[in-house]
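# Notes for the structure review
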Amino acid sequence: MKRMLTGGFILLVIMNVTVAQQTAQKSTEADKITPGMTEVWEPEVRIIQAGVKDSDPPSDAIVLFDGVDVNREWEDSKGNPTKWLIQDGALVCVKGSGVIKTKRKFNSCQLHIEWKTPSDVQGESQGRGNSGVFLQEQYEVQVLDSYNNRTYRHGQAGSMYKQHAPLVNASRKPGEWQSYDIIYTAPTFGTDSIAYLTPPRITVFHNGVLIQNNVNLRGPTVYIGIPEYFVKKHGPGSLVLQDHGNPVAFRNIWIREL
Ligand code: MG
């Protein structure tokens, strides 16, 4: 018994010595690492020209509306010129004319868009200053006059309609320009499935305030029912602006593909 204990003690001492030697060796190796060994220089990060103001399009953005020409980038749902009007450099929804959509199709993107609900306040809840920005034709960021205008929380301005309420209500008064800065990650799909492999994700700033923080979407926006995680596989899609019957105005729309 005594011999076994003595043997165990010797083994323990040898193990401790070995660990100590390894630690000392690692420490010596770490001492040899220089700062330059962890610096990555190539390839150089692509240089672009930022706008003078943060709301200006940077040099690598696609300008979707510059206040002058709408038909260069937009069309109605049937591919015809839109009936939306340009007034004072803004693009204004005309009731009953239908949605407008970009001729180009996009996947993941950074989007800047400014919007204004009518200063002549009419209607309430979902009937006041309603429009919407749809990513890939499917996922609506709600546009609504949410200044002193209660509605269901996941249907107010900045909501991912009926899926995520905004973190806060950062709305300005009707008749004042507001902005959305959106970072959108398109979903991916499995090869033999119609379910998302990874769902769409979105981050939204409303007037510079974070209101959606990288939230997952359950499925395409629906008015009635519950969005389904099992969805029809889709590729790139147009950016769509909603005609909800209210003369909401838009300006300074630009997008960067990611
Ligand atoms: Mg809407």
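Residues numbered from 1 in each chain as written. Predicted model: local features only at pLDDT ≥ 70, side-chain atom pairs only at ≥ 80, totals over all residues. Heavy atoms only, no water.

Now for the overall build of the protein chain. Tallying secondary structure elements over the protein chain gives one helix and 15 strands in all. Burial statistics for the protein chain: of 258 residues in total, 41% are counted as buried. Considering only contacts in the protein chain between residues 6 or more positions apart, those separated by 24 or more positions represent 65%. For the protein chain, the accessible surface area stands at approximately 15,100 Å², while carbon and sulfur atoms represent 56% of it. (Helix = DSSP H or I, 4+ residues; strand = E, 2+ residues; numbered from the N terminus. Buried < 20%, exposed > 50% of the residue type's maximum accessible area, 1.4 Å probe, protein only. Contact = heavy atoms within 4.5 Å. Areas by Shrake-Rupley, 256 points an atom, 1.4 Å probe, with all protein chains shown as cover.)

Reading across from one edge, E2-E5-E14-E7-E8 is the order of the five strands in this open sheet, with antiparallel pairing throughout. Edge positions in the sheet fall to strand E2 (74–76) and strand E8 (139–143), since each has one partner strand and no second. (Pairing = 2+ DSSP bridges.)

Among the surface-exposed residues, Leu-167, Val-168 and Val-209 lie close enough to one another that they form a single nonpolar patch of about 240 Å² accessible area. The exposed category is assigned to Leu-167, whose relative accessible area is 57%. (Patch = residues over 30% accessible without salt bridge, like charges linked within 9 Å, V, L, I, M, F, W, Y side chains within 5 Å. Salt bridge = Lys/Arg side-chain N within 4 Å of Asp/Glu carboxyl O.)

Turning our eyes to something else, we now look at the pattern of salt bridges. Across all of its chains, the model carries nine salt bridges by this definition. Between Asp-60 and Arg-46 there is a salt bridge, with the nearest N and O atoms lying 3.6 Å from each other. With a gap of 14 residues between them, Asp-60 in the loop between helix H1 (2–32) and strand E1 (62–65) and Arg-46 in the loop between H1 and E1 connect regions that are remote in the sequence. What makes Asp-60 partly exposed here is its relative accessible area of 23%. Exposure remark for Arg-46: the relative accessible area of 61% places this residue in the exposed category.

Here Pro-200 is to be found in the loop between strand E11 (196–198) and strand E12 (201–206). In this structure, the C-alpha to C-alpha distance between Pro-200 and Tyr-139, residues 61 residues apart in sequence, is 8.8 Å. Here Pro-200 is in contact with Tyr-139, Tyr-184, Thr-185, Ala-186, Pro-187, Val-215, Asn-216 and Leu-217, once residues within four sequence places are set aside.

For Asp-76, the position within the fold is in strand E2. Although Asp-76 is buried, it forms no salt bridge, and the closest oppositely charged side chain is Lys-83 at an N-O distance of 5.3 Å. Within the structure, the side chain of Asp-76 is placed 2.8 Å from the backbone nitrogen of Lys-78, a separation counted as a polar contact. Once residues within four sequence positions are removed from consideration, Asp-76 is found in contact with Pro-81, Thr-82, Val-99 and Lys-101. (Lys, Arg positive; Asp, Glu negative; His and termini not counted. Polar contact = N/O pair within 3.5 Å; in protein donor to acceptor, adjacent residues only side chain to side chain.)

Once that is clear, we can look at the pairing of E12. In the sheet, strand E9 (residues 178–185) pairs with E12 via six bridges, with the strands oriented antiparallel. By the bridge assignment for E12, Ile-182 is matched with Val-204. Taking the residues that link successive antiparallel strands as the turn, the E12-strand E13 (residues 209–216) hairpin has two residues, and the phi of Asn-207 there is positive, at about 50°.

With that out of the way, let us pick up the side chain of Asn-246. Mapped onto the elements of the fold, Asn-246 is located in the loop between strand E14 (240–241) and strand E15 (249–257). Using a relative accessible area of 13% as the deciding quantity, one classes Asn-246 as buried. A distance of 3.3 Å separates a polar atom in the side chain of Asn-246 from the backbone nitrogen of Gly-129.

Within the first shell, the magnesium ion binds the protein through Asn-130 (OD1), Ser-131 (O), Glu-140 (OE), Gln-142 (OE1) and Gln-242 (OE1), at distances of 2.2 to 2.4 Å. Sequence spacing of the donors to the magnesium ion: N-S-x8-E-x1-Q-x99-Q. Remark: Gln-142 occurs in strand E8 and Ser-131 occurs in strand E7 (residues 131–135); sequence separation between them is eleven residues. Taking the relative accessible area as the measure of exposure, Ser-131 reaches 0% and is therefore buried. When its relative accessible area of 1% is taken as the criterion, Gln-142 is described as buried. (Donors = N, O, S within 2.8 Å, 3.2 Å for Na, K, Ca; no water.)

Attention now goes to the environment of Arg-218. Relative to the helices and strands, Arg-218 is located in the loop between E13 and E14. Taking the C-alpha atoms as reference, Arg-218 lies 6.1 Å from Glu-228; in sequence the two are ten residues apart.

Here we come to unusual backbone geometry. Among all residues except glycine, the phi angle is most often negative; among peptide bonds, the trans geometry is most common. Geometrically, the link from Glu-42 to Pro-43 is a cis peptide bond, its omega value of -5° lying close to zero. Relative to the helices and strands, Pro-43 resides in the loop between H1 and E1. Look at Asn-148: it is not a glycine, yet its phi comes out positive at around 55°. Within the element layout of this structure, Asn-148 appears in the loop between E8 and E9. The residue Asn-252 is not glycine, and still its phi comes out positive at about 45°. Residue position: Asn-252 is located in strand E15.

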